[in-house]
Amino acid sequence: MTKKSYLLDTSIILDDIENILHLYQNGQNHLFISDIVIEELDKKKELQNETGYFAREFFRCINSDQVVKKPSKIRKIEGDFFKEVIFSKNPYNIPITLIYRQKYKTPQTQHSLNDSKIAEIANDYGFVLLSNDISLKIRSLARGIKAQSLFRDRVENPNDIDFWHHFNIHKNEDFNSLKKDKNFSKLKSWSLIEINQQDNTDSSLYFTGKKHFGIKIDEDFEELKLDEILENTDPYIKPINLEQKMLYTMLIHPKNSITIATGSTGSGKTLIALQAGIYLVKKGIVDGIIYIRNTVTATDRESELGFRKGDETQKLSYFMYPLYSAINFTINKLQEQSLSKKIEYHGDVNTIEKRDATEYFLKKHNIEIIDIAHARGITIGKKFVIFDEVQNASNATVKLIGTRIGEESRIVFLGDWAQIDHPYLSKFRNGAVSLLQKALKDNILAGIQLRQTIRSDIAAYFGESF
């Protein structure tokens, strides 16, 4: 088999370090990287965000002191220097050839100068340029340069992922009869079940209109009497539709540790997750709530958190709007319910910066905010973790956070898979859809897509029309 020679763009490394392992294919391919990519990674490594973490991780895995064989036999262009280094990530030691070019032909006035220099190297050596930067890929293809993207774990139809399953049971049968149903037997744990009750006359079978809801746990159906559960747990804000009720009930279920819940703005993801977390804290099931959100926005190309004004807490405040919005909505409802709550949650409520009532709420319910960049190296024990905006996280980031979860902790991933702000991800490939796909198969993972939204007529108009 002829080995392929790949030139890696910065986006391949910042997307997922393990892309290098995937591309090497146990020595079947040659991997190259240019000095431009090294410069770009070096500039990113100081950032206190996901991008900075991946840049630092790359340099941490590079070992240039190891004895390596001579660079691959390739005809070097005059003025270029080669250096082969080892990318070490247990149990792999992967050789990567660095190409340093003294003088590029690309003019300094060239648009997207660094991208053009990377494409120049690929063109001169006949490498396949790998980039998840679609604009670079398209421009390279237009110039006749072989260029590809590396989109692992792509999910073609995220909207078709559905965790609900429907069964019909006669009113004289009990739920154990589901075990005889082959379709039920094939379902994984945490499948969502809707049962339509049937009855019959002498001549016909008909639906009574009564429904039962529940989940499959191990091999059994467990009925969830949703309204009774809400009455008994008495959350500050009660879910108002079936999807929200099911999400809340799953999050507080004693056997559930990992959940993925997706839905567009207005579906109530963060609000319901917050209510579940508060209940778990009140019951002593967890010691507190940790809120994590990817610091990526539509205007900040790669979550440039370090360029925001203020200390770390103030910087994070800009990105914590969904949490503050959910908290302040909860506070407003509590204040409306009684004078005592109005006195307890006195002071200003602010959705951008923590003030008075909001700050008090956070402390009372042991709610902490953590930046993703600082998650590496810690263990989160006996906490309810809310990872918001997971659609803007790569699979590597999901893995990073997931491997931090310790004993007696729970985690819920929230996101809208269609609302992507990350430069290297798409609605077909991001942390949210990867988790949804796994939730269809893995018994440990519960999943739900919230398709009902509660929003103003104006918001609904723009959501549907644009």
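Nothing here was measured: the structure is a model prediction, and the numbers come from that model.

**Q** Describe the packing of helix H3 (residues 35-44) against helix H4 (residues 50-61), listing the residues and the values that go with them.
**A** Two elements in contact, H3 and H4, have axes whose closest approach is 8 Å; the angle formed by their N-to-C orientations is 125 degrees. Here H3 is positioned oblique relative to H4, judged by the angle of their axes. Crossing hand, H3 versus H4: left-handed. On the side of H3, the interface is formed by Ile38, Leu41, Asp42 and Lys44, while H4 contributes Thr51, Gly52, Ala55, Phe58 and Phe59. Tallied by class, residues from the contact of H3 with H4 come to 5 nonpolar, 2 polar and 2 charged.

**Q** Go over the pairing of strand S11 (residues 220-223) with me, naming the residues and quoting the values.
**A** Here 4 bridges tie strand S10 (residues 205-217) to S11, and the two strands are oriented antiparallel to one another. Along S11, the bridge assignment pairs Lys216 with Phe221.

**Q** Could you give an account of the sheet that holds strand S14 (residues 367-370), with specific residues and numbers?
**A** Read from one edge to the other, the open sheet built from 6 strands follows the order S14-S13-S15-S16-S12-S17, with strand pairing classed as parallel. The sheet is open, and its two edges are formed by S14 and strand S17 (445-450), each paired on a single side. Neighbour-to-neighbour, the strand axes of this sheet turn through a mean angle of 20 degrees, independent of strand direction. In the sheet, strand S12 (residues 258-263) pairs with strand S16 (residues 410-415) via 5 bridges, with the strands oriented parallel. By the bridge assignment, Thr259 is partnered in S16 with Val412. Where helix H12 (residues 321-337) meets the sheet, its contacts fall on strand S13 (288-293), S14 and strand S15 (383-388), and the angle it forms with S14 comes to roughly 165 degrees.

**Q** Can you lay out a nonpolar patch on the surface for me, pointing to particular residues and giving the numbers?
**A** Taken together, Ile134, Ile138 and Phe151 make up a surface patch of nonpolar side chains, about 260 Å² in accessible area. In this structure, Ile138 sits in helix H6 (residues 134-142). Ile138 gets classed as exposed once you look at its relative accessible area, which sits at 52%.

**Q** Can you tell me about the side chain of Thr106, naming the residues and giving the values?
**A** Relative to the helices and strands, Thr106 resides in the loop between strand S5 (92-101) and helix H5 (113-125). In this structure Thr106 touches Leu113, Ser116, Lys117 and Glu120, once residues within four positions along its chain are discounted.

**Q** Let's hear about the pattern of salt bridges: which residues, and what values?
**A** Evaluation of the coordinates by the stated rule reveals 21 salt bridges. Residue Glu57 is joined to Lys89 by a salt bridge in which the shortest nitrogen-to-oxygen separation is 3.4 Å. Taken as a pair, Glu57 in helix H4 and Lys89 in strand S4 (residues 80-89) lie far apart in primary sequence, 32 residues in all. For Glu57, a relative accessible area of 6% gives the class buried. Notably, a salt bridge pairs Arg139 with Asp115, separated by 3.2 Å at the nearest N-O pair. Taken together, the residues Arg139 in helix H6 and Asp115 in helix H5 connect sequence positions 24 residues apart. Put simply, Asp80, Arg101, Lys105, Glu120 and Asp124 are held in one network by salt bridges that share partners.

Calculation criteria
Residues numbered from 1 in each chain as written. Predicted model: local features only at pLDDT ≥ 70, side-chain atom pairs only at ≥ 80, totals over all residues. Heavy atoms only, no water. Axes fitted to C-alpha atoms, helices over the stretch in contact; angles between N-to-C directions. Helix = DSSP H or I, 4+ residues; strand = E, 2+ residues; numbered from the N terminus. Parallel < 35°, antiparallel > 145°, perpendicular 65-115°, else oblique. Left-handed = near helix turned anticlockwise from the far one by under 90°. Contact = heavy atoms within 4.5 Å. Nonpolar A, V, L, I, M, F, W, Y, C, P; charged D, E, K, R; others polar. Pairing = 2+ DSSP bridges. Patch = residues over 30% accessible without salt bridge, like charges linked within 9 Å, V, L, I, M, F, W, Y side chains within 5 Å. Areas by Shrake-Rupley, 256 points an atom, 1.4 Å probe, with all protein chains shown as cover. Salt bridge = Lys/Arg side-chain N within 4 Å of Asp/Glu carboxyl O. Buried < 20%, exposed > 50% of the residue type's maximum accessible area, 1.4 Å probe, protein only.

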